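Report on the structure
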Amino acid sequence: MKKFLFVTLIIAMLLGCAAADIETSPPVSTIGTTAAPDITTSQPTTTIAKEEIPVPTKKETRISFAAVGDNLLHNTVTYSAQIEKGKFDFSPIYSIMKPIIEKYDLAFVNQEIPLGGLDFGLSGYPTFNGPAEAAKGLFDSGFNIINLASNHSLDKGLKCLLASYENIKNAGFDKIIGIFPDENKTDDFLIFEQDGVTIGMLSYTYGTNGMPLPKSNPNVVPLIKDEKIISDVKKIRPECDVLIVSMHWGTEYTTQEIKEQTRLAELLNELGTDVIIGHHPHVIEPMKIIGDEHKTVCFYSLGNFVSNQQKASTMLGGMASFDIVKTIEDDIEIQNARVLPIVTHYNNRANKYDIYPLDSYTEDLANSHGIRKYDSKFSLKYLNELSDEVLGEYRLSLGDLND
């Protein structure tokens, strides 16, 4: 019995000690409790900057364009370029203008006569044919667009014209207008891209001096006909940003445009043409900006680039100059359109030909010009007065061109 009581006592004592080790947590109140302060130790913060990807900035696109008139190779011009029998070098004729032409992105010339070469016989007025080397002379001088549609296109027939086309291609030209050598591709218009701008070009002539169009290819030379122009423009206009049309038109030796030129220019403007490059009169005619809603820059005539004609007015030509601009809003504008007066100079023996900017031409050169035997009014003063009269505010000076 005593042993039982002793054991019971020991168990009770052990239970009491265990109870004393258990702490009772007081009730937790959530009313008015203040949050404990953050005692986290602060560390330096490293910020990783996000790499900024530059947003491409749209830039204005500017394409410079030059154009000259008739490269009219009379016999005396051709043979002045002969270096030996049957071989020619035309580069000296164009050498003074070459540094100017080469500055332009695009440069147009009207090739007035076929360049069929020796196989068709070299000849002058009235049925022309020039040597193939003339094309190389033009290309090497900076021209890269050439027009073949003129009243002399068929002077020596279809075969000569097609040979001329091949000779011009072989000289380096890949932008050739005014001819459709393939009778099945008469709507194969010149459309090309320059610095992201699509440019389309058409060309027409008023006729072919009575030479009939060949039955095998009646559209080889595009003629000025309203229905043809309307049809062509409607086809090409949606395909290009800029439309330039070459027009061999007007009346020879008149320094003002005639009513038919005005009518055709207005038609081309209504159809959405941006620039008209005119030639054939052999003298300069005004440059005008026509149209209301749509503006068209029209160079009615750029006169001769080179020739052996014998009227004082035919020695004064023009080089059209303008910029095709694609703005940052993707609008197309023709800017800075003007005309630089140029002079064809030949000596008294008519065996040396040069082309000068009028601003570089001198009184001494004018006094030595071979044309004075035929037209005594030719002088430096005459050239400047005619330039001012015809071109007016659109006369471009060499100084402005170089700025």
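For the structure itself, look to the data block above.
Residues numbered from 1 in each chain as written. Predicted model: local features only at pLDDT ≥ 70, side-chain atom pairs only at ≥ 80, totals over all residues. Heavy atoms only, no water.

**Focus on the overall build of the protein chain**
Applicable threshold: Each helix is a run of DSSP H or I of at least 4 residues and each strand a run of E of at least 2, with the numbering of both proceeding from the N terminus. Per-residue accessibility, obtained with a 1.4 Å probe over protein chains only, is compared with the maximum for each type, and a residue is labelled buried under 20%, exposed over 50%, and partly exposed between these values. Only heavy atoms enter the contact rule, under which two residues are in contact if any of them lie within 4.5 Å.
Helix and strand counts for the protein chain stand at eleven helices and 16 strands. Here the protein chain holds 403 residues, and 51% of them are scored as buried. Pairs at least 24 residues apart make up 71% of the contacts formed inside the protein chain by residues separated by at least 6 positions.

**Digging into the packing of aromatic side chains**
Aromatic ring pairs are reported here in terms of the distance separating the ring centres and the angle at which the planes meet. Applied cut-off: Each aromatic pair joins two rings of Phe, Tyr and Trp (for Trp, the six-membered one) with centres within 6.5 Å, and gets the label stacked for planes under 30 degrees apart, edge-to-face for over 60, and tilted for any other angle. Placement of a charge over a ring requires the Lys NZ or Arg CZ to be within 6 Å of the ring centre, with the centre-to-atom vector within 35 degrees of the ring normal.
Using the criterion set out here, one finds twelve aromatic pairs in the structure. Taken together, the ring pairs in this structure connect Phe65, Phe299 and Phe322 into an aromatic cluster. Directly above the aromatic system of Phe192 lies the positively charged group of Lys175, at a separation of 5.1 Å from the ring centroid. Positioned over the ring face of Tyr253 is Lys311, at 5.2 Å from the centre of the ring.

**Topic: the pattern of salt bridges**
Keep this limit in mind: Put simply, a salt bridge is a Lys or Arg side-chain nitrogen that is within 4 Å of an Asp or Glu carboxyl oxygen.
In this structure the tally under the stated criterion is 17 salt bridges. The shortest N-O distance in the salt bridge between Lys136 and Asp140 comes to 2.5 Å. Highlighted residues: Lys136 and Asp140, both in helix H5 (residues 133-140), separated by four residues, approximately one helical turn. Using a relative accessible area of 48% as the deciding quantity, one classes Lys136 as partly exposed. A relative accessible area of 32% means that Asp140 is categorised as partly exposed. Between Arg263 and Glu260 there is a salt bridge; the shortest N-O distance is 3.0 Å. Of this pair, Arg263 and Glu260 both sit in helix H8 (residues 259-270), separated by three residues, roughly a single helical turn. Through salt bridges with shared partners, a single network forms among Glu60, Arg62 and Asp323.

**What about a negative patch on the surface?**
Using the following cut-off: In this analysis, a patch consists of residues with relative accessible area above 30% that form no salt bridge, clustered at 9 Å for like charges and at 5 Å for the nonpolar side chains Val, Leu, Ile, Met, Phe, Trp and Tyr. Per-residue and other accessible areas follow the Shrake-Rupley method at a 1.4 Å probe size, with only the shown protein chains counted as cover for residues. Under the counting rule used here, the positive set is Lys and Arg, the negative set is Asp and Glu, and His together with the chain ends is not counted. Charge positions are represented by NZ for Lys, CZ for Arg, CG for Asp and CD for Glu.
On the surface, a cluster of negative charge is contributed by Asp182, Glu183, Asp187 and Asp188. You can see Asp188 is positioned in the loop between strand E6 (176-177) and strand E7 (190-194).

**Here's the deal with unusual backbone geometry**
A cis geometry characterises the amide bond from Tyr125 onward to Pro126, with omega recorded as 5 degrees. With respect to the helices and strands, the residue Pro126 is situated in the loop between strand E4 (106-110) and H5. For Asp195, which is not glycine, the phi dihedral falls at a positive 55 degrees. Of note, Asp195 is situated in the loop between E7 and strand E8 (197-205).

**Examining the environment of Asp331**
Within the element layout of this structure, Asp331 appears in the loop between strand E14 (316-326) and strand E15 (332-346). For the pair Asp331 and Glu60, spaced 271 residues apart in sequence, the C-alpha to C-alpha distance is 9.8 Å. In this structure, Asp331 is in contact with Val325 and Lys326, ignoring residues within four places of it in sequence.

**Comments concerning the nonpolar core**
Here is the rule: We call a set of buried Ala, Val, Leu, Ile, Met, Phe, Trp, Tyr and Cys residues a nonpolar core when their side-chain atoms join them within 4.5 Å.
The biggest cluster of nonpolar side chains holds 91 residues, and the ones touching the most others in it are Phe65, Met201, Ile244, Phe299, Met319 and Tyr361. Once you skip the residues sitting within four places of it in the chain, Met319 turns out to touch Ala66, Ala67, Val68, Met97, Ile100, Ile101, Tyr104, Arg338, Val339, Leu340, Ile342 and Leu401. Formed by 22 residues, the second largest nonpolar core is a distinct cluster that contains Phe180, Phe189, Val245 and Trp249.

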